[in-house]
Each structure stands twice: as C-alpha cells, then as structure tokens.
Amino acid sequence: MPTPRLRAALQAIAATALLALPAALHAQDWAKTRLESSPRHHEYVTVPSGGRSVQVFVVYPEVETKAPVVVLIHEIFGLSDWAREMADELAAQGYIVVEPDLLSGAGPGGGGSSSFASQDDTVKAVSMLDPAQVTADLNAAADYAEKLPSTNGHLAVAGFCWGGGKSFLFATQRADLRDAFVFYGPPPTDAALAGIHAPVFGFYAGNDARIAATVPATTTAMKAAHKHYQPTLYDGAGHGFMRLGEAPDATPENKKARDQAFASLLAELKKLQ
C-alpha cells in the first residue's frame, strides 16, 4: 500500500503526463490559430488523378491582377495545420497556392491526412506512397491551377522535408515550371537531372548532415548537366527550420534561417509576378 506521500507523488506525475499529452497532440495550435484568422479565401477542391480523387487545399491572394501559381508540397507529416498555414503565408504575398493532400484516400475509411490517429501513422503512410502516384497528383494539382482564370500562367513548385525531395523530383518531370524550391529535401538521381528545365534553389540546415551532405555531389551533378542550382546552407539551423523557426519556441538559429530563407524565396517568386 503506497504511503500518502508516495500516493501524492504518483498523482502529481500522472497529472503532469496528462498536461503534456494535449501539448504534444496540439503542437501546431499556433499555426491553426493563424490560419483561422486569415482574411484570404481558402477552399478544398477535388481533382481527378489517374482514376482516383485528390483533395487540394487552395488559397487565393487578395490582389487586383492575375497571379502566379505555387504548387506546395507538404512535409512527411501530411497536410498539417502548419502546411496549410504556410500556403496561406505565400498567398499573402500575392500567389495562388495549391497544396494537394498526397494522402488522399490513403487514410482510415478512405480519408486523407486528417484521418490518421497519430503522427507516426501519418509518417508511415507518406513513406509508403508510390512516387509515380505522387507525381501524378502534383501534375493534377498543377493542371487544375493553370486553368484558373486568375492565374498569369507562371508556375513554380516548393516543398519541405520529404516534400522538398518531391519538389526536386517534380522539376525533372514538368517542363513548364519556372522555378523549383527545395527545402532540406534529398536530390533525385543524377540521371534524372537531364529533365530539369527550371532553376532549382536549395535551402539546407547546417545541423542536418543527413541532407546537407548531399549538396556537394548534387552541385557537381547539376553543373555537369548544365542546370542552374543555387544551394544555401544556414549555419546552426536544424532540419525543418521553416516550421520550427516560425513556432513560438523557435531557437534563434532556426528563426534566423526561416526568415532569411523565406525572404530569398519571395525574392525569386517576385520575378514571376
């Protein structure tokens, strides 16, 4: 039988664990709050892709003129609150953003990203996606966006983490891209680089050797293929700094990297307006 003091200690530990659980489950509440306060028009559209349907999150800028399109590719965490908030941030700068939920139909009951019970389940599902299906879904989202009456006909792609790798790969397979932005994602094979027609801009974390170590060889391969590749390394930043650097508890290094990388992204995108 536990003593009163031990019982009180066990109750305190249990209470602490219960308090920590909602914090872990709602780690992106700050992103959701920002998204819900946005004045921009958000919508979900269903786009056909190779015999299946893909849910695409679309955000429109509040502008007077036609705008470029950015196809945004989410992290390995699926179409999360932050992924959608990032789309809204880009739209705030004058771009139509289309962000397909690449887990459409892959979740429990045929759901998408929001249907998974845990982040681990989401990561596993994204990791198992067929690369050909991912490319088809990205093409479907881009094709849909290019037919919008409010677009100026310019198309770019940007992705983060797993989506960064898919952004690089998409650049090898879509000839009408004007720019490709790769945020801490792995490169495609050297043989695939011949298909690239757009400049590729890479953003990498100094404390992310798993990905940053690929940059020198990628630079050499892109040069040999006569392709434009401009990588930037942010010292002290960690993998995922675009999300982590925006969070309320961001480290100075992640915040600095996030701010500088976002400014660089906007500087390049502005050329498409």
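Residue numbers run consecutively from 1 along every chain, following the written order of its sequence. Selection of residues for local features in this predicted model requires a pLDDT of at least 70, selection of side-chain atom pairs for listing and counting requires 80 or more, and totals for whole chains, interfaces and linings are taken over all residues. To get the side-chain values, take all heavy atoms of the structure and skip hydrogens and water.

As for the packing of helix α5 (residues 131-146) against helix α6 (residues 162-171)
Condition: Between N-to-C directions, angles cover 0 to 180 degrees, with each direction set by a line fitted to C-alpha atoms, over the stretch in contact for helices. A run of H or I in DSSP becomes a helix once it reaches four residues, and a run of E becomes a strand once it reaches two; helices and strands are each numbered from the N terminus. Should an angle fall under 35 degrees it is called roughly parallel, over 145 degrees roughly antiparallel, and 65 to 115 degrees roughly perpendicular, with every other angle called oblique. It only takes one pair of heavy atoms within 4.5 Å for two residues to be counted as in contact. Residues are grouped as follows: nonpolar covers Ala, Val, Leu, Ile, Met, Phe, Trp, Tyr, Cys and Pro; charged covers Asp, Glu, Lys and Arg; every other residue, Gly included, is treated as polar.
At a minimum axis separation of 11 Å, α5 and α6 run at an interaxial angle of 75°. Accordingly, the angle class assigned to the pair α5 and α6 is roughly perpendicular. When α5 is examined against α6, the residues Pro131, Val134, Thr135, Leu138 and Asn139 are found in contact with a partner set consisting of Trp162, Lys166, Leu169 and Phe170. Across the contact of α5 with α6, the residue classes tally to six nonpolar, two polar and one charged.

Observations regarding the sheet that holds strand β8 (residues 229-238)
Using the following cut-off: Think of it this way: DSSP has to see at least two bridges between two strands before they count as a pair.
With respect to topology, eight strands assemble into an open sheet ordered β1-β2-β4-β3-β5-β6-β7-β8, the strand pairing being mixed. Here the strands that pair on one side only, and so sit at the sheet edges, are β1 (41-49) and β8. In this sheet, adjacent strand axes meet at a mean angle of 20° when their direction is disregarded. Sheet topology places strand β6 (residues 179-183) next to strand β7 (residues 200-207); four bridges connect them, and they run parallel. When the bridges of β7 are listed, Ala180 appears paired with Val200. In the packing of α6 onto the sheet, the strands contacted are β3 (67-73), β5 (151-160), β6, β7 and β8, and the crossing angle to β5 comes to about 135°.

A closer look at the side chain of His74
Rules: In the analysis that follows, any N or O atom pair within 3.5 Å is treated as a polar contact, provided that within protein one partner can donate a hydrogen and the other can accept it, and provided that, for residues neighboring in sequence, both atoms belong to side chains.
Here His74 is to be found in the loop between β3 and α3 (81-92). At a separation of 3.2 Å, a polar atom in the side chain of His74 contacts the main-chain amide nitrogen of Leu102. Setting aside chain neighbours within four positions, we find His74 in contact with Leu79, Ala83, Glu99, Pro100, Asp101, Leu102, Phe160, Trp162 and Gly163.

Describing unusual backbone geometry
For residues other than glycine, phi is negative in most cases, and the peptide bonds are mostly trans. Rule in force here: Each residue's exposure class comes from its accessible area (1.4 Å probe, protein chains only) as a fraction of the maximum for that residue type: buried when under 20%, exposed when over 50%, partly exposed otherwise.
For Tyr184, which is not a glycine, the phi torsion comes out positive at approximately 40°. Within the element layout of this structure, Tyr184 appears in the loop between β6 and β7. A relative accessible area of 0% places Tyr184 in the buried class. One non-glycine residue with positive phi stands out, namely His226, at about 60°.

Section: the packing of helix α2 (residues 29-36) against α3
Stated formally: Here a crossing is called left-handed whenever its near helix is offset anticlockwise from the far helix by less than a right angle, and right-handed whenever the offset is clockwise.
The N-to-C vectors of α2 and α3 enclose an angle of 40°; their axes lie 8 Å apart at closest approach. With respect to α3, the element α2 is oriented oblique. When the axes of α2 and α3 are compared, the crossing they make is left-handed. When α2 is examined against α3, the residues Trp30, Ala31, Lys32, Arg34 and Leu35 are found in contact with a partner set consisting of Asp81, Trp82, Arg84, Glu85 and Asp88. A breakdown of the residues in the contact of α2 with α3 according to their chemical character gives four nonpolar, no polar and six charged.

Some thoughts on the pattern of salt bridges
Which entries qualify depends on this criterion: Salt-bridge detection follows one rule: a side-chain nitrogen of Lys or Arg within 4 Å of a carboxyl oxygen of Asp or Glu.
One pass over the structure, following the stated rule, counts 14 salt bridges. Measuring nitrogen to oxygen at the nearest pair gives 2.8 Å for the salt bridge that ties Asp88 to Arg40. In this pair, Asp88 is assigned in helix α3 and Arg40 in the loop between α2 and β1, connecting sequence segments 48 residues apart. Of the residues examined, Arg40 reaches a relative accessible area of 18% and is grouped as buried.

Some words on the nonpolar core
The test is simple: Put simply, buried Ala, Val, Leu, Ile, Met, Phe, Trp, Tyr and Cys residues joined by side-chain atoms within 4.5 Å make one nonpolar core.
Judged by nonpolar contacts, the single largest core of 83 residues is most densely connected at Leu90, Phe241 and Met242. Excluding its chain neighbours within four sequence positions, the residues that come into contact with Leu90 are Val70, Leu72, Tyr95, Val97, Phe262, Leu265, Leu266 and Leu269.

Side note on the confidence of the model for the protein chain
What counts, and what does not: Here pLDDT means the predictor's own confidence in every residue, given as a number from 0 to 100.
With 90% of its residues at a pLDDT of 70 or more, the protein chain shows a mean pLDDT of 91. For the stretch residues 1-26, pLDDT sits under 50, and the model shows two contacts to residues farther than four places along the chain or on other chains.

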